[in-house]
Amino acid sequence: MHLGLNRIYEKMGKKELADSHYQKAVHILKESVNLGSKDSEEYIALGQILLKQSEKEQALNVLKKGLSITKDKTMKRDLHFLISNIYYDLNKFDNV
C-alpha cells in the first residue's frame, strides 16, 4: 500500500509525502524479510527496491533467500530470472 501511495504522491508532485511512504514500505519489507517472511512477493518487492537503489549484492541476497523459501514453480522461475539478471549486471557470467 505504501508503494502505491508513493506512486500517487509522485504523480501529484508531492515529493515529501511520496518519499515518506517509500521509506515506510522499505522499512516494512526489510523487517518482514528479516523475520523470515514466507511471502515470496515480499522478497521480490524488496529485491527490486534494492536494485533501484543500486544495492545489487543486497538485492541478490534477498532474492536468493526468497528462492529458498518458495515452493511455487512460477515464483521460482521469476526469482531465478531476477537473480540471473543481477549476476549478469555484476559480470558474474558463470552464475547466470
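Procedures and definitions
- Every chain is numbered independently, its residues counted from 1 as its sequence is written.
- The model is predicted, so local features are restricted to residues of pLDDT at least 70 and side-chain atom pairs to those at 80 or more, both for listing and for counting; the totals for chains, interfaces and linings are taken over all residues.
- Hydrogens and waters are ignored; side-chain quantities use all the structure's heavy atoms.
- Aromatic rings from Phe, Tyr and Trp, taking only the six-membered ring of Trp, are treated as a pair when their centres fall within 6.5 Å; an angle between ring planes under 30 degrees marks them as stacked, one over 60 as edge-to-face, and anything in between as tilted.
- Numbered from the N terminus, helices here are DSSP runs of H or I no shorter than four residues, and strands are runs of E no shorter than two.
- Here, expected helix span is obtained from the residue count minus one, scaled by 1.5 Å.
- Two residues qualify as a contact provided that any one of their heavy atoms is within 4.5 Å of a heavy atom in the partner residue.
- Axis definition: a line fit to C-alpha positions, over the contact stretch in the case of helices; interaxial angles, taken between N-to-C directions, run 0 to 180 degrees.
- By the definition adopted for this analysis, an angle is roughly parallel if under 35 degrees, roughly antiparallel if over 145, roughly perpendicular if from 65 to 115, and oblique otherwise.
- The handedness criterion is simple: a crossing whose near helix is rotated anticlockwise from the far helix by less than a right angle is left-handed, and one whose near helix is rotated clockwise is right-handed.
- Exposure categories follow from relative accessible area, calculated using a 1.4 Å probe and restricted to protein chains: below 20% of the type maximum is buried, above 50% is exposed, and the middle band is partly exposed.
- Working note: the arc is built from the helix axis to C-beta atom directions.

**Overview of the packing of aromatic side chains**
Turning to step 1, where the next piece is worked out: Applying the stated criterion across every chain, the model contains one aromatic pair.
Turning to step 2, where the next piece is worked out: Ring geometry for tyrosine 88 versus phenylalanine 93: centroids 5.5 Å apart, planes at 70°, classification edge-to-face.

**Structural notes on helix α5 (residues 73–89)**
Turning to step 1, where the next piece is worked out: With 17 residues, α5 ought to run about 24 Å at 1.5 Å a step, and its terminal C-alpha atoms sit 24 Å apart, in line with that.
Turning to step 2, where the next piece is worked out: Taken together, the buried residues of α5 touch α3 (40–52) and α4 (56–69).
Turning to step 3, where the next piece is worked out: Within two residues after α5, asparagine 91 carries a phi angle of roughly 60°, on the positive side.

**Let's talk about the environment of asparagine 61**
Turning to step 1, where the next piece is worked out: Here asparagine 61 shows up in helix α4.
Turning to step 2, where the next piece is worked out: For the pair formed by asparagine 61 and glycine 47, sequence separation is 14 residues and the distance between their alpha carbons is 8.4 Å.

**Observations concerning the packing of helix α2 (residues 15–34) against α3**
Turning to step 1, where the next piece is worked out: Between α2 and α3, the shortest axis-to-axis distance is 10 Å and the interhelical angle comes to 130°. Considering their axes alone, α2 and α3 lie oblique with respect to each other. Once α2 is placed against α3, the crossing between them reads as left-handed. From α2, Tyr22, Val26, Leu29, Lys30, Ser32 and Val33 reach across to α3, where they touch Glu42, Tyr43, Ala45, Leu46, Ile49, Leu50 and Lys52.

**Points about α2**
Turning to step 1, where the next piece is worked out: Along its 20 residues, α2 runs 28 Å from first to last C-alpha, staying within 8% of the 28 Å computed at 1.5 Å per residue.
Turning to step 2, where the next piece is worked out: Regarding α2, the residues found buried are Ala18, His21, Tyr22, Ala25, Val26, Leu29 and Val33. For α2, the buried positions fall inside an angular range of 140° around the axis, keeping them on one side. Counted as exposed and oriented over 90 degrees from the buried face of α2: Glu16, His27 and Asn34.
Turning to step 3, where the next piece is worked out: Buried residues belonging to α2 abut α1 (2–11), α3 and α4.
Turning to step 4, where the next piece is worked out: Count one or two residues on from α2 and you reach glycine 36, which has phi positive near 90°.

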